[in-house]
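As a plain string of letters, each chain reads:
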Amino acid sequence: MARIKSKDTKPELAVRSTLHRLGYRFRLHVKGLPGSPDLVFPGRKKIILVHGCFWHGHACSRGRSVPKSNVDFWVTKIQGNRRRDLRTIRKLRLAGWSVLIVWECKIKKDDWLTRVLKFLGE
Ligand SMILES: [Zn+2]
């Protein structure tokens, strides 16, 4: 089956470029970690995941809207993605990583950056 999570999505690029401009350095899609997390800050033991609302089943209006056709297929698929996300995050936390999810729908608002900087500074 094709890879569900597409790399280098628009919201992810927005987060990456903003943090890079602020001087943060990180690794991308680290293969050796569960779920190949999006942004990895090895020195801080922190991980940021940028989640698309639809694919990852966010509880926002976009995340809850299911395509009109093949409803069962999509519902099953997105539930599967959510379960996988939870498993991945649990594994990362058990391995000592702090994990923050940035949702696509929040990226247009300024407060995502406040949250991220607080997370990274902890
Ligand atoms: Zn959302």
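None of these values were measured; they are calculated from a predicted model. The numbers attached to residues start from 1 for each chain and follow its sequence in the written order. Only residues with pLDDT of at least 70 get local features here, since the model is predicted, and only at 80 or more are side-chain atom pairs given and counted; chain-wide, interface and lining totals rely on the full set of residues. Side-chain measures here rest on the full set of heavy atoms in the structure, leaving out hydrogens and waters.

Enquirer: Could you give me a rundown of the environment of Asp-72, with the residues and numbers involved?
Expert: A run of DSSP states H or I qualifies as a helix once it reaches four residues; a run of E qualifies as a strand once it reaches two. Both are numbered from the N-terminal end. Relative to the assigned elements, Asp-72 resides in helix 3 (residues 71–94). Put simply, Asp-72 and Ile-47 are 25 residues apart on the chain and 32 Å apart in space, counted from C-alpha to C-alpha.

Enquirer: Can you lay out the environment of Leu-120 for me, pointing to particular residues and giving the numbers?
Expert: Examined against the element boundaries, Leu-120 turns out to sit in helix 4 (residues 111–121). Each C-alpha atom of the pair Leu-120 and Lys-45 lies 9.5 Å from the other, and the pair is 75 residues apart in sequence. A contact between two residues is defined here by any heavy atoms of the two lying within 4.5 Å. With near-sequence residues (within four places) excluded, Leu-120 lies in contact with Leu-19, Tyr-24, Phe-41, Arg-44, Lys-46 and Ile-48.

Enquirer: Describe the packing of helix 1 (residues 10–21) against helix 4, with residues and values.
Expert: Between helix 1 and helix 4, the least distance of the axes is 12 Å, while the angle of their chain directions is 60°. Relative to helix 4, the element helix 1 lies oblique. Between helix 1 and helix 4 the crossing geometry is right-handed. Taking contact as the criterion, the partners of Val-15, Thr-18 and Leu-19 in helix 1 are, on helix 4, Trp-112, Leu-113, Val-116, Leu-117 and Leu-120. Gly counts as polar in this scheme, as do all residues outside two lists: the nonpolar Ala, Val, Leu, Ile, Met, Phe, Trp, Tyr, Cys and Pro, and the charged Asp, Glu, Lys and Arg. Its residues assigned to classes, the contact of helix 1 with helix 4 comprises seven nonpolar, one polar and no charged. Here an axis means a line fitted to C-alpha atoms, over the contact stretch when the element is a helix, while the angle between two N-to-C directions is reported on a 0 to 180 degree scale. If an angle is under 35 degrees, it is roughly parallel; if it is over 145, roughly antiparallel; if it lies from 65 to 115, roughly perpendicular; otherwise it is oblique. The handedness criterion is simple: a crossing whose near helix is rotated anticlockwise from the far helix by less than a right angle is left-handed, and one whose near helix is rotated clockwise is right-handed.

Enquirer: Describe helix 4, naming the residues involved and giving the relevant values.
Expert: Because each turn of an α-helix spans 3.6 residues, side chains separated by three or four positions in sequence point in the same direction. Exposure categories follow from relative accessible area, calculated using a 1.4 Å probe and restricted to protein chains: below 20% of the type maximum is buried, above 50% is exposed, and the middle band is partly exposed. Within helix 4, burial applies to Trp-112, Val-116, Phe-119 and Leu-120. The arc that holds the buried residues of helix 4, viewed along the axis, is 95°, so those residues lie on one side. Exposed side chains of helix 4 directed beyond 90 degrees from the buried face belong to Thr-114, Lys-118 and Gly-121. The arc refers to the directions leading from the helix axis to the C-beta atoms.

Enquirer: Could you give me a rundown of the coordination of the zinc ion, with the residues and numbers involved?
Expert: Around the zinc ion, the protein contributes the donor atoms Cys-53 (SG), His-58 (ND1), Cys-60 (SG) and Cys-105 (SG), which lie 2.0 to 2.4 Å from the metal centre. Water is not part of the atom set, so a site may look incomplete; the donors themselves are N, O and S atoms within 2.8 Å of the metal, or 3.2 Å for Na, K and Ca. Geometry assignment treats four donors as tetrahedral when all angles are between 85 and 135 degrees, treats four as square planar and six as octahedral when opposite donors are over 155 degrees apart and all others between 65 and 115, and treats everything else as irregular. Coordination at the zinc ion is tetrahedral: its four donor atoms span angles of 101 to 120° at the metal. Here the donor residues of the zinc ion share one chain and are spaced in sequence as C-x4-H-x1-C-x44-C.

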